[in-house]
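Now for the letters of each chain:
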Amino acid sequence: MKNLFKFGMPKTPGFGISASYYLTLAASRTPLPALAEIVDPYGKDGAVAGMGVPNDPMMGKDTLTQPLIRGSYTFTTRDKRSVVAATVLTKSELGFDERDLLARKEMQGIDPIKRSRLERVSVMIQLKFLSHAPEVYPAIDFILHLAERIGVLSEAVVADPLSERWLLPEHLFFPRDLDVRFSVRDMVDVTIRRTPDHGLVLDTRGLCKFDLPEFHCSDVDEDILELGVDLLYTLAHSVMLGEKFRPGETVGAEAMPFVLVAMKSRHGQDVLELGPQSPGTTRGALLALRMP
């Protein structure tokens with residue numbers, strides 16, 4: 001039985017950041033902020049601690065105080081161990097159609113502020129790692145701080161495609177304990193789907209940012225949905241601390257555990273499915289988590 005509540009954190013977690021991880025900012029306010037507003041070596045006036053330069057050699061030093069324009073830029077942390085590329089594009093170049101997006105089923109009931117901003121998008125900014133610190137967590141903080149700062153100044157909505165969510169920039173960071181360097185919800189979301197055959201189906205979204213398997217649990221009853229969601233976040237948190245999970249291992253309550261089974265998502269992503277150990281049930285295995 002895996003211990004899901006370990007304390008401490010290794011210097012390197014045993015994984016890196018996938019080349020497929022990126023964030024896209026849909027900006028509704030122009031002109032965009034200047035480099036000097038986004039980053040400062042000492043983080044002055046709300047800027048992110050770091051440095052930024054345009055990739056166009058024709059741009060002079062005055063570019064630092066001029067709004068970002070279509071093109072590419074590079075941001076680095078002060079220690080230069082994490083490097084993020086920023087590409088500014090028009091929405092048409094990315095094939096962004098706000099009407100099509102907002103008409104989708106999953107976007108119904110979207111926050112009014114997000115809807116208003118998405119309806120006014122004209123510029124898109126994509127952030128992607130070129131390199132990152134081996135500790136991973138400081139690098140994630142850096143790209144999220146960049147997205148937050150640029151997003152606030154440009155009144156953007158931030159698309160996190162691998163977590164399948166749109167966030168306001170001020171919601172990119174989730175609460176974390178003082179002695180913990182990250183919140184798993186900064187990187188991972190748990191999606192909830194209702195199906196005719198398997199009740200509520202829960203999936204983590206975001207562990208693939210680190211080339212790690214996602215978790216899947218089906219047949220979850222609505223009255224104990226919170227138990228299932230909490231378990232998947234706990235598993236994801238343990239993974240982010242460096243815990244390795246493999247098919248055949250058990251997780252959850254010792255009295256009635258889940259067995260991890262390897263499967264593939266519809267996109268070919270590696271997934272570990274939580275199946276109740278025979279003769280148990282998903283409901284029983286989740287309720288067992290409440291037992292002392």
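Because the structure is a prediction, the values reported are computed rather than measured.

What counts, and at which threshold
Residues numbered from 1 in each chain as written. Predicted model: local features only at pLDDT ≥ 70, side-chain atom pairs only at ≥ 80, totals over all residues. Heavy atoms only, no water. Salt bridge = Lys/Arg side-chain N within 4 Å of Asp/Glu carboxyl O. Helix = DSSP H or I, 4+ residues; strand = E, 2+ residues; numbered from the N terminus. Buried < 20%, exposed > 50% of the residue type's maximum accessible area, 1.4 Å probe, protein only. Pairing = 2+ DSSP bridges. Axes fitted to C-alpha atoms, helices over the stretch in contact; angles between N-to-C directions. Contact = heavy atoms within 4.5 Å. 1 Å grid on protein atoms, 1.4 Å probe; cavity = no way out; pocket = protein on both sides within 12 Å on 5 of 7 lines; lining within 4 Å. Points joined across faces, edges and corners; volume = space filled by probe spheres on them. Nonpolar A, V, L, I, M, F, W, Y, C, P; charged D, E, K, R; others polar. Arc of directions from axis to C-beta. Polar contact = N/O pair within 3.5 Å; in protein donor to acceptor, adjacent residues only side chain to side chain.

Comments concerning the pattern of salt bridges
So, point 1. Applying the stated rule across the entire model yields 14 salt bridges.
So, point 2. Residue E93 is joined to R70 by a salt bridge in which the shortest nitrogen-to-oxygen separation is 2.6 Å. A residue pair is termed long-range when its members are at least 10 positions apart, and E93 in the loop between β6 (83-90) and α2 (98-102) and R70 in the loop between β4 (51-54) and β5 (71-76) qualify at 23 residues.
So, point 3. For K264, the salt bridge is made with D270, and the minimal N-O distance between the two is 2.4 Å.
So, point 4. Of the residues examined, K264 reaches a relative accessible area of 53% and is grouped as exposed.
So, point 5. Put simply, D79, R81 and E135 are held in one network by salt bridges that share partners.

Things to note about the sheet that holds strand β7 (residues 123-131)
So, point 1. Read from one edge of the open sheet, 7 strands run β4-β5-β6-β7-β1-β8-β9, paired in antiparallel fashion. Either end of the sheet is taken by a strand with one partner, and the two such strands are β4 and β9 (165-167). Looking at each pair of strands side by side, their axes are set apart by 25 degrees on average, direction ignored.
So, point 2. Bridging between strand β1 (residues 22-27) and strand β8 (residues 156-160) involves 4 bridges; their strand directions are antiparallel. Looking at the pairing, A26 lines up with V157 of β8.
So, point 3. Seen against the sheet, helix α3 (residues 112-119) touches β1, β8 and β9 and runs at an angle of roughly 100 degrees to β8.
So, point 4. Along the sheet, helix α4 (residues 137-153) contacts β1, β5, β6, β7 and β8; its crossing angle with β7, the most-contacted strand, is approximately 165 degrees.

Digging into unusual backbone geometry
So, point 1. Between T30 and P31 the backbone carries a cis peptide bond, its omega angle lying at 5 degrees.
So, point 2. Of note, the amide linkage connecting S278 to P279 takes the cis form, showing an omega dihedral of 5 degrees.
So, point 3. Within the secondary structure layout, P279 lies in the loop between β15 (270-276) and α6 (282-287).
So, point 4. Positive phi values are uncommon outside glycine, yet K80 reaches one of about 65 degrees.
So, point 5. You can see K80 is positioned in the loop between β5 and β6.
So, point 6. Given a relative accessible area of 59%, K80 falls into the exposed group.
So, point 7. The phi angle at E164 is positive, at roughly 55 degrees, despite the residue not being glycine.

Observations regarding the layout of surface pockets
So, point 1. In this structure, the largest pocket occupies an estimated 790 Å³ of space.
So, point 2. Forming the boundary of the largest pocket are 23 residues, of which L101, R104, E106, M107 and W166 lie nearest the centre.
So, point 3. Mapped by element, the contributors of at least two residues to the lining of the largest pocket are β1, α2, β7 and β9.

A short note on empty space enclosed by the protein
So, point 1. All told, the structure shown has 1 cavity of 30 Å³ or more when counted by the stated rule.
So, point 2. The calculated volume of the largest cavity comes to roughly 30 Å³.
So, point 3. Looking at the lining of the largest cavity residue by residue, the class counts come to 4 nonpolar, 1 polar and 3 charged.

Overview of α3
So, point 1. When we look at burial in α3, the residues that qualify are K114, R117 and L118. Down the axis of α3, the smallest arc covering the buried residues is 95 degrees, so these residues share one side.
So, point 2. Buried residues along α3 sit against β1, α2, β8 and β9.
So, point 3. Taking the backbone nitrogen of I113 as reference, a side-chain oxygen 2.7 Å away marks D111 as the first, capping residue of α3.

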